[in-house]
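Structural overview
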Amino acid sequence: MVVTKMIKVALTGATGFVGSAILTKLHTIDCIPIVINRRKSNNRNQVNEIFIDAIDSNTNWGESLVGCDVIIHCAARAHIMKDQSQDPLTAFREVNTHGTLNLARCAAKAGVKRFIFISSIKVLGESTEFGNPFKSNDKPNPIDPYGISKFEAEEGLKKLANETGMQIVIIRPPLVYGHGVKGNFASLLKYTTKGIPLPLGSVKTNLRSIVSIDNLVDLILTCIEHPQAANQVFLVSDDQDVSTTDLLCEMALATGRGPRLLPVPTTFMSFAAGLFGKKAITERLFGSLQVDIEHTKKMLDWTPPISFSEGIRRCFY
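Cut-offs and rules
- Residues numbered from 1 in each chain as written.
- Predicted model: local features only at pLDDT ≥ 70, side-chain atom pairs only at ≥ 80, totals over all residues.
- Heavy atoms only, no water.
- Pairing = 2+ DSSP bridges.
- Helix = DSSP H or I, 4+ residues; strand = E, 2+ residues; numbered from the N terminus.
- Axes fitted to C-alpha atoms, helices over the stretch in contact; angles between N-to-C directions.
- Contact = heavy atoms within 4.5 Å.
- Parallel < 35°, antiparallel > 145°, perpendicular 65-115°, else oblique.
- Left-handed = near helix turned anticlockwise from the far one by under 90°.
- Buried < 20%, exposed > 50% of the residue type's maximum accessible area, 1.4 Å probe, protein only.
- Right-handed = clockwise from strand over helix to strand, strands pointing away.

1. Regarding the sheet that holds strand S9 (residues 232-235)
Spatial ordering of the open sheet is given by S3-S2-S1-S4-S5-S6-S9, a layout of seven strands whose pairing is parallel. Lying at the two open borders of the sheet, with one neighbouring strand each, are strand S3 (48-51) and S9. Averaged over all pairs of adjacent strands, the angle between strand axes in this sheet comes to 20 degrees, irrespective of strand direction. Pairing between strand S6 (residues 167-172) and S9: four bridges, direction parallel. Across the sheet, Arg172 pairs through a bridge with Leu235, a residue of S9. Lying over the sheet, helix H1 (residues 17-26) contacts strand S1 (7-12), strand S2 (31-37) and strand S4 (70-73), oriented at roughly 160 degrees with respect to S1.

Here it is, written out as structure tokens:
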């Protein structure tokens, strides 16, 4: 991907899993990266920085965004499996909805031309029926506070684009994986590396779309200047849906080990998980969540640059 001129690209969330990968790639294209940080960094990459206390409804952006051409907004209150907040929806809205819209309003006022918002597939729902993937124009159906806050931010951004003329690009990724990933995916990588047997050999009738960090970043950078990206909503994946068993087999193959999967019936595991309060985890392991990226590929003339197999291999090296 080649950016045709030197433009200033501001990035939030640059210390996170996705944001740090974007920042690394921004240094390989002809642009001027500007990192928005909550604390002063060592600035090892010699980038311009904007310092703020937090990204919420009260952030005073002042004149700091003047001169920026594009903002890539990755910073967010992340999805939490067991949220301890007394009012999780309010907490998510303050950052993901109000913080996003406050930033976008200030960006439009400062003359920013394009605002790229990293949303979530959870805007469309938590799962799909097998073989019936989400499409970019499907009716939103967010279930949890995180998905609701992202959906409300999307709606506010669309309204702001109509009012100000600032272009918006919304990207809804499913699970993002890669080297340094955390959470349940990291646990599966660890168990596979250690050769620990897992009772997941029977989970063959689900399909899930996931996306390598490299493929997601490539799409985000494509959207910096692509004329057809303006005011569009894009879904993204590796363009290869896999069952949980297939995923674990691919992980084992990447480590040079044979898969160690025990064919325990999913009905038994679901029952046991419910007894121990782990039902949400089994829903993710056993259920389907597919996305259709044909709109993304056709609109942007884009295909994922690396394969699913290569993406899994890169998790280990």
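And the narrative resumes.
2. Some details on the packing of helix H2 (residues 88-110) against helix H3 (residues 145-164)
Their axes nearest at 8 Å, the elements H2 and H3 cross at an angle of 20 degrees. Our classification of the angle between H2 and H3 gives roughly parallel. The two elements H2 and H3 cross, and the hand of that crossing is right-handed. The residues of H3 that touch H2, namely those facing Pro88, Leu89, Phe92, Arg93, Asn96, Thr97, Thr100, Leu101, Ala104, Arg105 and Ala108, are Pro145, Tyr146, Ile148, Ser149, Glu152, Ala153, Gly156, Leu157, Leu160 and Thr164.

3. Comments concerning the pairing of S2
For S2, a buried count of six out of seven residues is recorded, marking the element as mostly surrounded by other parts of the structure. Here S1 pairs with S2 via six bridges, running parallel. Considered in S2, the bridge of Lys8 is made with Ile32. Since S1 and S2 lie parallel, the crossover through H1 that links them has a hand, and here it is right-handed.

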